[in-house]
Amino acid sequence: MAGPATATLTPDQLSAFKELRKTVDDRWAPTLVPAQVAWLNDRCLLRYLRARKYNVEKAKEMLKNTMNWRTTHAPAAITHKDVMEISKHFSNYLHMTTKDGNPVCYMRFQRDPPGFTDKDKLQHVKFVLEEAARVMKYNDERFPGIEKLCYIIDLQGFSLNAPGASREVAAKWTDMLQNHYPERLGKAYLINYPSIFSVFWAAVKLFIDSVTAAKVCFVSETNPSALRTFFTNEGFNPAWLEKPYGGDLQPLDRPNFIGQKTYESDPMTAKTPEEVQEIRDVHYKYLKREKRDRKGPSNKEKKEKKSSRKGSSVSNHGLASSNSNSSQ
């Protein structure tokens, strides 16, 4: 039962883990579908145990609540197509990782998408969180044990009357992070915040527990040079950080879906912005090919395939004839 995920646990923590693991395997698993069983892996159980200070009963309750939530909201079933329109505004997107492999999510207030409901925005938030989890899983071999993501939240242009200043969305987002994605938040860096934001923060903070609130970092630096130094000290690689925040990358200007199917090449192997761009180009070519495959082969490809089949048929008949003769 013990493995890499449990290697650093104390005896008491290991005992709590084994108890929860046994409950899941013996009592819950027989009534669940395979996808739910797979989701309840060792690392998942340990995140919920850590969130509840290794109190097994509280961790069980938290897990049950999340499983009910996931059944109702189905975040893993949200597809690229479902969020394509809102993604075009680039108000909330993943782009590269920290040096240690933590996915980085950018949230930019000035790009708040007009014409979308709070429900639309929350669906997008769920999609990005699920996508971050997929990126972590994909990068596990290179960055083993990575389970957290970081947010860079740019509040330039914030005002209390702006459509994007929704306390409901902010409260539900933080509730999701705390209760249904526990131990997934590394840090949230707030940048370019006006003084009036303190009023909004005071209201949102009422819904945040002290552990989560401690992960929110207000960054006073505003110029790229100072931000470069700050984020480098925080474990970011400037080559993997966007330019407005002191890095070398251009901000994304098109959807960056990097889930299991589209994340073919590993951007974490890139050492320079040029290499990053080269890898991105591979991703986009893959996306075009995937889109073409969904539409089906072109007329030219159909003719070539048909011609190939005729040649194969002739070849096979010749082989059959030869075999028949030899058997005689």
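Summary of the structure given here. Everything numeric in this text was worked out from a predicted model, so none of it was measured.

1. Details of the pairing of strand S4 (residues 185-191)
Part 1 of the argument: Within S4, five of the seven residues are buried, which leaves the element mostly enclosed by the surrounding structure.
Part 2 of the argument: Note: strand S3 (residues 149-154) against S4, six bridges, orientation parallel. Opposite Leu 149, over in S4, you have Leu 185 as the bridge partner.
Part 3 of the argument: Note that the unit made of S3, helix H7 (residues 167-179) and S4 has a crossover that is right-handed.

2. As for the side chain of Lys 126
Part 1 of the argument: By secondary structure assignment, the location of Lys 126 is in helix H6 (residues 118-138).
Part 2 of the argument: Here Lys 126 occupies a buried position and makes no salt bridge, while the nearest side chain of opposite charge, Glu 130, is found at 9.9 Å.
Part 3 of the argument: The contact partners of Lys 126, leaving out residues within four places of it in the chain, are Trp 69, His 73, Pro 75, Ile 78, Met 176 and Tyr 181.

3. Description of the sheet that holds S3
Part 1 of the argument: One open sheet accounts for five strands, arranged S1-S2-S3-S4-S5; its pairing is mixed. In this open sheet, the two strands that pair with only one neighbour each are strand S1 (92-97) and strand S5 (216-218). Across this sheet, the average inter-strand angle for adjacent strands is 25 degrees, counted without regard to direction.
Part 2 of the argument: For S4 and S5, the ladder comprises three bridges, and the chain directions are parallel. Residue Leu 190 lies in a different strand from S5, and its bridge partner there is Phe 218.
Part 3 of the argument: The sheet strands contacting H6 are S1, strand S2 (103-108) and S3, and the helix crosses S1 at an angle near 15 degrees.

4. So, helix H3 (residues 42-51)
Part 1 of the argument: Those residues of H3 not exposed but buried are Cys 44, Leu 45, Leu 46, Arg 47, Tyr 48 and Leu 49.
Part 2 of the argument: Tucked inside the fold, the buried residues of H3 contact helix H1 (11-28), helix H2 (34-39), helix H4 (56-73) and H7.
Part 3 of the argument: Where H3 starts, the residue carrying a side-chain oxygen 3.2 Å from the main-chain nitrogen of Arg 43 turns out to be Asn 41.

How each quantity is defined
- Note that residues are indexed from 1 along each chain, following the sequence as it is written.
- Given that this is a predicted model, residues contribute local features only at a pLDDT of at least 70 and side-chain atom pairs are listed and counted only at 80 or more, while totals for whole chains, interfaces and linings are drawn from all residues.
- Side-chain numbers come from the whole structure's heavy atoms, not from hydrogens or water.
- Burial classification: accessible surface area is computed with a 1.4 Å probe over protein chains only, and a residue below 20% of its type maximum counts as buried, one above 50% as exposed, and the rest as partly exposed.
- Secondary structure follows DSSP: runs of H or I at least 4 residues long count as helices, runs of E at least 2 residues long count as strands, and numbering of each begins at the N terminus.
- The rule for pairing is simple: two strands pair if DSSP sees at least two bridges between them.
- Crossovers are described as right-handed under a simple rule: with the strands pointing away from the observer, the path leading from the first strand over the helix to the second runs clockwise.
- His residues and chain termini do not enter the charge count, which takes Lys and Arg as positive and Asp and Glu as negative.
- Any carboxyl oxygen of Asp or Glu within 4 Å of a side-chain nitrogen of Lys or Arg constitutes a salt bridge here.
- In what follows, residue pairs with any heavy atoms lying within 4.5 Å of each other are defined as contacts.
- For every element, the axis is a line fit to its C-alpha atoms; helices are fit only across the contacting stretch, and the angle between N-to-C directions ranges from 0 to 180 degrees.
- Side-chain atoms alone can form a polar contact between residues adjacent in sequence; in general such a contact is a pair of N or O atoms within 3.5 Å, and within protein one must be able to donate a hydrogen while the other accepts it.

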